[in-house]
Amino acid sequence: MIRDITIGQYYPAQSPIHRMDARLKLAITFIFIVSLFLVNSFVGYGFVLLCMALVIKASKVPVKFMLRGLKSIMIIILFTAFINLFLTKGEHILLEIGFVTVTMEGLLLALKMCIRLVMLIVGSSILTLTTTPIQLTDAIEYILKPFKGIGVPAHEIAMMMTIALRFIPTLLDETDKIMKAQQARGADFDTGNLVQKAKALIPILVPLFVSAFRRAEELAMAMEARCYHGDENRTRMNVMKMKPGDMRAAGITVIYVAAIIVLRIAAKVLPLV
């Protein structure tokens, strides 16, 4: 389970998605997330899924590697489906046992929410899988730069977010090592009730927090030793510039947004599910 989490990992490859400007990828990811909440029919979800499949193919990231991250949130997906399936009221009743009622409206809503969550996780992971932490830091800082005039610490926010993403795989690897060490000493994390399993996590959490604080202190000392002073008089070796490929990607994104709006309007006019 620990190794199935792909959030914060970078997959090196030579692809058009990897070469795209990080600022544009951030904007497209935000537009993609918003578009998922605008789509209200299975036809629209099918269109979004087709576009996402083309982007994944262009990124040259293995589909199995990208879908592996869904295992860690499967409980959240199932819980969301359960809530929408049994708590959504409707006119077309499919099953009624006591106070439990399953309606066609609830079933459709549960399917749509699950599809939306899966595409949200997979689509958002494309950003971190195809963008290095340095590029992501520069992109976030560039986008937040207009807010520096009102006191927003753009560079510090971008640095914190990037460090958090960077150390997710490191902490997951550290957790895996601690679990294996505790299991070698006779620890059991699989048997027992919920309370016993929660207590069994204490031998993992304590050394994990100690290791995390130690790494944070080492990182702070390393940054101070290199005379890091935030955004003060900072220069960049690689200056971000928009390329012709980025302009084409922006044009495709505009077409995508227009198609989403058309599908939403069509779903209200035509009997689309």
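Right, let's walk through the structure included here. No experiment lies behind these values; they were computed from the predicted model shown.

Topic: the overall build of the chain
Here comes step 1: Broken down by element type, the chain carries 11 helices and two strands.
Here comes step 2: Secondary structure elements of the chain, listed N to C terminal, follow the sequence α-α-α-α-α-β-β-α-α-α-α-α-α.
Here comes step 3: By principal-axis analysis of the C-alpha atoms, the chain measures approximately 65 × 60 × 40 Å.
Here comes step 4: Across the 273 residues of the chain, 32% fall into the buried class.

Observations concerning the pattern of salt bridges
Here comes step 1: Here the structure, examined in full by the defined rule, presents four salt bridges.
Here comes step 2: With its nearest N and O atoms 3.5 Å apart, the salt bridge here joins Asp173 to Lys177. Taken together, the positions of Asp173 and Lys177, both in helix α8 (residues 154-184) and four residues apart, correspond to about one turn of that helix.
Here comes step 3: A salt bridge links Glu174 to Arg215; the nearest nitrogen and oxygen atoms lie 3.1 Å apart. With Glu174 in helix α8 and Arg215 in helix α10 (residues 202-225), this residue pair connects regions lying 41 residues apart in the sequence.
Here comes step 4: You can call Glu174 buried: its relative accessible area is 16%.
Here comes step 5: Residue classification places Arg215 among the partly exposed residues on the basis of a relative accessible area of 28%.

Section: the packing of aromatic side chains
Here comes step 1: Within the structure shown, the criterion is met by three aromatic pairs.
Here comes step 2: A ring pair is formed by Phe47 and Tyr256, whose centres lie 5.9 Å apart and whose planes are at 15°; its orientation type is stacked. Linking Phe47 in helix α3 (residues 42-59) with Tyr256 in helix α11 (residues 244-269), this pair joins segments that are 209 residues apart in sequence.
Here comes step 3: Arranged with centres 4.8 Å apart and planes meeting at 50°, the rings of Phe82 and Phe86 form a pair that is tilted. Taken together, the residues span about one helical turn, with Phe82 and Phe86 both in helix α5 (residues 74-87) at a distance of four residues.
Here comes step 4: For Phe86, a relative accessible area of 31% gives the class partly exposed.
Here comes step 5: The ring of Tyr142 carries the charged tip of Arg23 above its face, separated from the ring centre by 4.4 Å.
Here comes step 6: When the ring centre of Phe42 is taken as origin, the NZ or CZ atom of Lys112, which lies over that ring, is 5.6 Å away.

Notes on the environment of Ala58
Here comes step 1: Looking at the secondary structure, you find Ala58 in helix α3.
Here comes step 2: Between the C-alpha atoms of Ala58 and Glu224, which are 166 residues apart in sequence, the distance is 40 Å.
Here comes step 3: Excluding residues within four positions of it along the chain, Ala58 makes contact with Ser15, Pro16 and Ile17.

A few points about α5
Here comes step 1: The end-to-end C-alpha distance of α5 is 20 Å, a good match for the 20 Å that 14 residues give at a rise of 1.5 Å each.
Here comes step 2: Taken residue by residue, α5 has Ile77, Thr80, Ala81, Asn84 and Leu85 as its buried positions. Here the buried residues of α5 occupy an arc of 125° about the axis, which is enough to place them on one side. Along α5, exposed side chains directed more than 90 degrees from the buried face belong to Ile75, Ile76, Leu78, Phe79 and Leu87.
Here comes step 3: Taken together, the buried residues of α5 touch β2 (100-103) and α6 (104-129).

Section: unusual backbone geometry
Here comes step 1: One non-glycine residue with positive phi stands out, namely Lys60, at about 65°.
Here comes step 2: For Lys60, the position within the fold is in the loop between α3 and α4 (63-67).

Remarks on the pairing of strand β1 (residues 93-97)
Here comes step 1: Judged from the four bridges that link them, β1 and β2 form a sheet pairing that is antiparallel. Opposite Ile97, over in β2, you have Val100 as the bridge partner.
Here comes step 2: Where β1 folds back onto β2 in an antiparallel hairpin, the turn is made up of two residues, including Gly98, whose phi is positive at roughly 65°.

Some points on the packing of α3 against α11
Here comes step 1: Contact geometry of α3 with α11 gives a least axis separation of 10 Å together with a crossing angle of 165°. Comparing the axis directions of α3 and α11 gives the class roughly antiparallel. When the axes of α3 and α11 are compared, the crossing they make is right-handed. Seen from α3, the contacting residues are Val43, Gly44, Phe47, Val48 and Cys51; seen from α11, they are Tyr256, Ala259, Ile260 and Leu263.
Here comes step 2: Classifying every residue of the contact of α3 with α11 gives eight nonpolar, one polar and no charged.

What counts and what doesn't
- Residues numbered from 1 in each chain as written.
- Predicted model: local features only at pLDDT ≥ 70, side-chain atom pairs only at ≥ 80, totals over all residues.
- Heavy atoms only, no water.
- Helix = DSSP H or I, 4+ residues; strand = E, 2+ residues; numbered from the N terminus.
- Buried < 20%, exposed > 50% of the residue type's maximum accessible area, 1.4 Å probe, protein only.
- Salt bridge = Lys/Arg side-chain N within 4 Å of Asp/Glu carboxyl O.
- Phe/Tyr/Trp six-rings, centres within 6.5 Å; stacked < 30°, edge-to-face > 60°.
- Lys NZ or Arg CZ within 6 Å of the ring centre and 35° of its normal.
- Contact = heavy atoms within 4.5 Å.
- Expected span 1.5 Å × (residues − 1).
- Arc of directions from axis to C-beta.
- Pairing = 2+ DSSP bridges.
- Axes fitted to C-alpha atoms, helices over the stretch in contact; angles between N-to-C directions.
- Parallel < 35°, antiparallel > 145°, perpendicular 65-115°, else oblique.
- Left-handed = near helix turned anticlockwise from the far one by under 90°.
- Nonpolar A, V, L, I, M, F, W, Y, C, P; charged D, E, K, R; others polar.

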